[in-house]
Amino acid sequence: MAQTQGEGKRVAVVGGGIAGLAAAYELAVQAREQGLSLSLELFESSDRLGGAILTERVDDYVLDAGPDAVLTLKPWGLELCREIGLEDEIIPTQDEHRGVALYSRGRLRSLPYGTGSSAVRKVRAYVASGVVSWPAKLRMAADLVLPRGAQKQDESMADFFGRRLGREAVERIVDPLIAGIYSGDPDKLSIYSTFPRFPQMVAKQRSILLALLRAPQSARSGARTLPIFCSLRDGLGRMVEVIVERLGDTRIHLSTPVTAVEKADSGYSLETHAGRHNAYAGLILAAPAWTSARLLGDLAPGPADKMKAIRYVSSATVFFAYRTSDLGGRPRGFGFLVPACEGRRINGATWITNKFAHRSPDDGFLARCFIGGDRTGEEMRADDEGLVRICREELRDIAGITAQPLFSRVYRWKDSGPQYDVGHANLIGEVDTALAEHPGLEVTGAGFRGIGIPDCVYDGRETARRLIESLYK
Ligand SMILES: Cc1cc2nc3c(=O)[nH]c(=O)nc-3n(C[C@H](O)[C@H](O)[C@H](O)COP(=O)(O)OP(=O)(O)OC[C@H]3O[C@@H](n4cnc5c(N)ncnc54)[C@H](O)[C@@H]3O)c2cc1C
């Protein structure tokens, strides 16, 4: 397929997850605002857009199978929602049910949650929760007096927090808190690429605890104070639907995996089952890093080799819908997290009905278990029935839930969780430098510069702006 005269520059985006969609959206915005003649195509291997974002309705239940919440502390996710007209559909977490528990030392223990209460109260609540032993509490307090220490180029989360707060705090507080985001291993994950805020706190204020105690209390957006997480009334899939509506003339090729990328006379060509697609002046790869690495194998073997080193893990979410009256008391809070050292078979569970409104009918209670990753990867070998059984046993043992669910659903996320291991920032720097030799070629997506919807939106849009600049300079 050759470029037709007068249709302007052709640009392709490979991958229709939120990063690719945000990139395509920004390309369309820039073309409109700058009056550029841009012909845009989006290639997606599966038969739907959204990637990890998937909302399904089962009866009156709304199941966000992948991400279920957008972090408000990073504004780019909600900014995009507002920009595309979803302001009125943004819903906060339900304050009246606020709370999260940690399964530690054999039972669930409530933790302070959110931005509402003062840091002093939060620290007190942590101390009272019994999540860690008394010797560990004293060791954590040492952070208040420890010197800054030499600034390191990078180190693991376990090394950083272990140095500041002690090993037990790493195992029982840090580990479960990262479970919900990375399903990762604090001994492998880079502190600078995951939570750079903490080394910055130490650099500026010498102590993590001091910095937390002095921190402002809430995220502000416009005139409203927002909780840490928000969602959309009908599920995050709405974001995907409405972005697509805003893509204008973009040609969307579903069920069209790109199998190779080559250099063509006037840019790049793509190989798909439908044949060769030629003459893209600009190309944004927004697939998982391991896919983009494979696609670039011949064209840019240097960056491709580095991208291959970005490790991914698989996970699953398992949903259970209950009749609340069958539960013998509605579970409290937003759910619980489990440290790996407890040796349980799930990473945690969310009480979806408590977390967000509009997710279940009256007298319905929706719960979701999170399993897999670096921590409970072995369990992922089970078939769907096996996963349901494991999750039900764990909900029984951890949270006392024995009720028969009305239905269950299993969603598998194979090789979809990038892990920012120690050295990740350097690796990405090297990828960027090497890719600079290929003008018009860009990579984005959760594997590179930020996990989570806000970061993927930010990076997708930034990547699109960079590409426009390079094409029209
Ligand atoms: C279970 C789970 C829970 C999560 N919870 C949250 C949360 O609550 N909040 C939050 O902010 N984030 C959460 N995340 C993370 C967040 O959802 C992801 O990081 C983000 O959606 C990734 O977007 P992406 O576009 O980079 O990648 P993806 O969503 O993986 O999209 C990549 C796309 O590329 C396509 N593709 C692959 N190969 C090809 C090819 N050869 N040709 C064409 N297309 C191809 C894929 O089909 C896919 O659609 C969660 C993730 C998971 C899995």
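Cut-offs applied
- Residues numbered from 1 in each chain as written.
- Predicted model: local features only at pLDDT ≥ 70, side-chain atom pairs only at ≥ 80, totals over all residues.
- Heavy atoms only, no water.
- Helix = DSSP H or I, 4+ residues; strand = E, 2+ residues; numbered from the N terminus.
- Buried < 20%, exposed > 50% of the residue type's maximum accessible area, 1.4 Å probe, protein only.
- Contact = heavy atoms within 4.5 Å.
- Areas by Shrake-Rupley, 256 points an atom, 1.4 Å probe, with all protein chains shown as cover.
- Lys, Arg positive; Asp, Glu negative; His and termini not counted.
- Charge placed at Lys NZ, Arg CZ, Asp CG, Glu CD.
- Domains from an automatic or database assignment.
- Buried area = accessible area lost by both parts, 1.4 Å probe.
- Salt bridge = Lys/Arg side-chain N within 4 Å of Asp/Glu carboxyl O.
- Polar contact = N/O pair within 3.5 Å; in protein donor to acceptor, adjacent residues only side chain to side chain.
- Nonpolar A, V, L, I, M, F, W, Y, C, P; charged D, E, K, R; others polar.
- Expected span 1.5 Å × (residues − 1).
- Pairing = 2+ DSSP bridges.
- Axes fitted to C-alpha atoms, helices over the stretch in contact; angles between N-to-C directions.
- Near = heavy atom within 4 Å.
- Core = buried A, V, L, I, M, F, W, Y, C linked by side-chain atoms within 4.5 Å.
- Phe/Tyr/Trp six-rings, centres within 6.5 Å; stacked < 30°, edge-to-face > 60°.
- Patch = residues over 30% accessible without salt bridge, like charges linked within 9 Å, V, L, I, M, F, W, Y side chains within 5 Å.

To continue, consider the overall build of the chain. Across its full length, the chain holds 16 helices and 22 strands. Counting only residues that meet the buried cut, the chain has 55% of its 473 residues in that class. Restricting to contacts in the chain with at least 6 residues of sequence separation, those with at least 24 account for 73%. When the accessible surface of the chain is split by element, carbon and sulfur atoms take 50% of a total near 20,400 Å². Computed over 60 positive and 59 negative side-chain charges, the separation of the two mean positions in the chain equals 7 Å.

Attention shifts here to the domain arrangement of the chain. Segmentation of the chain into domains returns domain 1 (9–49 + 237–310 + 420–471), domain 2 (55–96 + 312–419) and domain 3 (117–217). Relative to domain 3, the C-alpha centre of domain 1 lies at a distance of 35 Å. Taking both sides of the interface into account, the surface hidden between domain 1 and domain 3 amounts to around 670 Å²; carbon and sulfur atoms contribute 56%. Counting the contacts that link domain 1 with domain 3 gives 0 salt bridges. Taken together, the links from domain 1 to domain 3 amount to 4 residue pairs in polar contact (both at pLDDT 80 or more). Its residues placed into classes, the side of domain 1 that touches domain 3 shows 4 nonpolar, 3 polar and 1 charged.

Next up on the list: helix α1 (residues 18–34). If you check α1, its first and last C-alpha atoms are 24 Å apart, about what 17 residues at 1.5 Å a residue would give, namely 24 Å. Taken across its 17 residues, α1 has 14 buried, putting it largely inside the fold.

Further remarks concern the sheet that holds strand β6 (residues 90–92). Paired through their backbone hydrogen bonds, the strands of a sheet run either parallel or antiparallel. Across the sheet, which stays open at both edges, the 3 strands sit in the order β5-β11-β6 with antiparallel pairing between neighbours. Single-partner strands in this sheet number two, and they are β5 (70–71) and β6. Alignment of β6 against strand β11 (residues 229–232), held across 3 bridges, turns out to be antiparallel. Within β11, the position partnered with P92 by the bridge is C230. Across the sheet, helix α2 (residues 76–83) lies against β5, β6 and β11, angled at about 140 degrees from β6, the strand it touches most.

In the region of the ligand, 33 residues are neighbours, and E44, A52, A69, A446 and I453 sit closest. At 3.2 Å from an oxygen atom of the ligand is found a main-chain nitrogen or oxygen belonging to D68. Within the backbone of A69, an N or O atom sits 2.7 Å from a nitrogen atom of the ligand. Protein chains shield 85% of the accessible area of the ligand, which is 1,000 Å² for the free molecule.

Another point: the pairing of strand β20 (residues 364–372). In terms of residue burial, β20 counts as a mostly covered element, since 9 of its 9 residues are buried. Note: strand β17 (residues 311–323) against β20, 9 bridges, orientation antiparallel. Looking at the pairing, T317 lines up with F370 of β20. As judged from the 4 bridges shared by strand β19 (residues 348–351) and β20, these two strands associate in the antiparallel manner. Along β20, the bridge assignment pairs G348 with F370.

Bringing the nonpolar core into the picture now. Counting 43 residues, the largest nonpolar core has V13, I18, L27, M239, I243 and I453 as the members making the most contacts within it. Looking at this core, the elements that each hand over two or more residues are β1 (9–14), α1, β2 (38–43), α2, β11, α10 (237–245) and α16 (453–471). Considering each element in turn, this core owes the most residues, 10 residues, to α1. Counting 28 residues, the second largest nonpolar core, distinct from the first, contains L102, A158, V174 and M201.

Taken in spatial order, the 3 strands make up an open sheet running β13-β14-β15, and their pairing is antiparallel. Edge positions in the sheet fall to β13 (260–264) and β15 (275–280), since each of these pairs with one other strand and no more. Across the sheet, the mean angle from the axis of one strand to that of its neighbour is 25 degrees, orientation sign disregarded. For β13 and strand β14 (residues 267–272), the ladder comprises 5 bridges, and the chain directions are antiparallel. For A264, the partnering residue across the bridge sits in β14 and is G267.

Taken as a whole and judged by the stated rule, the model has 13 aromatic pairs. Pairing F319 with Y411 gives two aromatic rings, centres 5.7 Å apart and planes at 85 degrees, and the pair type is edge-to-face. Within this pair, whereas F319 is found in strand β17, its partner Y411 is found in strand β21 (residues 407–419), the two being separated by 92 residues in sequence. The pair F319 / Y411 is uniform in exposure class, with both members buried. Judged by centre distance (6.0 Å) and plane angle (50 degrees), the ring pair of W351 and F365 falls under tilted. Here F365 lies in strand β20 and W351 lies in strand β19, a separation of 14 residues in the sequence. Judged by relative accessible area, which is 3%, W351 ranks as buried.

A cluster of nonpolar side chains, V123, V127, W134, L138, L144, V145 and L213, forms an exposed patch at the surface whose accessible area comes to about 650 Å². Taken together, the elements giving at least two residues each to the nonpolar patch come down to α3 (119–129) and α4 (134–141).

By secondary structure assignment, the location of T72 is in the loop between β5 and α2. You can call T72 buried: its relative accessible area is 10%. Reaching out from T72, the side chain makes a polar contact with the backbone oxygen of P227 at a distance of 2.6 Å.

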